[in-house]
Amino acid sequence: MNASQMDMVQQSWEQVLPIADTAAQLFYGRLFELEPSLEHMFAHSDMAEQRKKLMQMITVAVRGLQHLDDLMPAIEALGRRHVGYGVTEEHYAIVGSALVWTLQKGLGDAFTVELRNAWVETYTILSGVMMNAANQRAA
């Protein structure tokens, strides 16, 4: 990921933040549409609180992209925690699809191919760290 991609991701995320709860609602709606079986993982969750946590986590990750080494322990811990929730490697692709779809809906015409590619690269890096940590925990 290069500096230009980091900047694009960070600037676009700042545009999403004013509609954070709406974006999170779109995300979870799309996630459950893509994979209805994931809904059971949230059956006992306060979804308003879950949406808030999602947006906070993405905000921390996006704002920390220039200092990825400092961010890694938190991302790895998140990956290990998700094992306990029943998250599998297959779920990461579904989450990535829901995230990209949500960003496209939230940003509209501003969600260019270049911006999409930058977000896919960002998600690929972060989800890869999470999956590696999850696999190490499982081993």
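Residues numbered from 1 in each chain as written. Predicted model: local features only at pLDDT ≥ 70, side-chain atom pairs only at ≥ 80, totals over all residues. Heavy atoms only, no water.

S.K.: Hey, could you go over the pattern of salt bridges for me, with residue numbers and the actual values?
M.R.: Counted under the stated rule, the structure contains three salt bridges. Across the pair Arg63 and Glu14 runs a salt bridge whose closest N-O atoms are separated by 3.0 Å. Placement of Arg63 in helix H3 (residues 47-63) and of Glu14 in helix H1 (residues 3-16) is noted, with a sequence separation of 49 residues between them. Arg63 gets classed as partly exposed once you look at its relative accessible area, which sits at 47%. Linking Arg30 and Glu33 is a salt bridge whose minimum nitrogen-to-oxygen distance equals 2.6 Å. Pair noted here: Arg30 and Glu33 are both in helix H2 (residues 20-34), with a separation of three residues, about one helical turn. (Salt bridge = Lys/Arg side-chain N within 4 Å of Asp/Glu carboxyl O. Helix = DSSP H or I, 4+ residues; strand = E, 2+ residues; numbered from the N terminus. Buried < 20%, exposed > 50% of the residue type's maximum accessible area, 1.4 Å probe, protein only.)

S.K.: Any chance you could break down the packing of aromatic side chains for me, citing the residues and the numbers?
M.R.: Per the counting criterion, the structure on display carries five aromatic pairs. With 5.3 Å between their ring centres and 70° between their planes, Tyr28 and Phe42 make a pair best called edge-to-face. In this pair, Tyr28 is assigned in helix H2 and Phe42 in the loop between H2 and H3, connecting sequence segments 14 residues apart. For the residue pair Tyr28 and Phe42, the accessibility class agrees, reading buried in each case. Measuring from ring centre to ring centre gives 5.6 Å for Phe32 and Phe42, while their planes differ by 55°; the resulting arrangement is tilted. Residue Phe32 is located in helix H2, and its partner Phe42 is located in the loop between H2 and H3; the two are separated by ten residues in the primary sequence. We note that Phe32, like Phe42, is buried. (Phe/Tyr/Trp six-rings, centres within 6.5 Å; stacked < 30°, edge-to-face > 60°.)

S.K.: Tell me about the packing of H2 against helix H5 (residues 89-107), and name the residues and values.
M.R.: Following both chains from N to C, one finds H2 and H5 inclined at 135°, their axes separated by 9 Å at the closest point. Classed by the angle they form, the pair H2 and H5 counts as oblique. Crossing of H2 over H5 shows right-handed handedness. Between H2 and H5, the contacting residues are Ala23, Leu26, Phe27, Arg30, Leu31 and Leu34 on the first element and Ile94, Val95, Ser97, Ala98, Leu99, Trp101, Thr102 and Lys105 on the second. Classifying every residue of the contact of H2 with H5 by side-chain character gives ten nonpolar, two polar and two charged. (Axes fitted to C-alpha atoms, helices over the stretch in contact; angles between N-to-C directions. Parallel < 35°, antiparallel > 145°, perpendicular 65-115°, else oblique. Left-handed = near helix turned anticlockwise from the far one by under 90°. Contact = heavy atoms within 4.5 Å. Nonpolar A, V, L, I, M, F, W, Y, C, P; charged D, E, K, R; others polar.)

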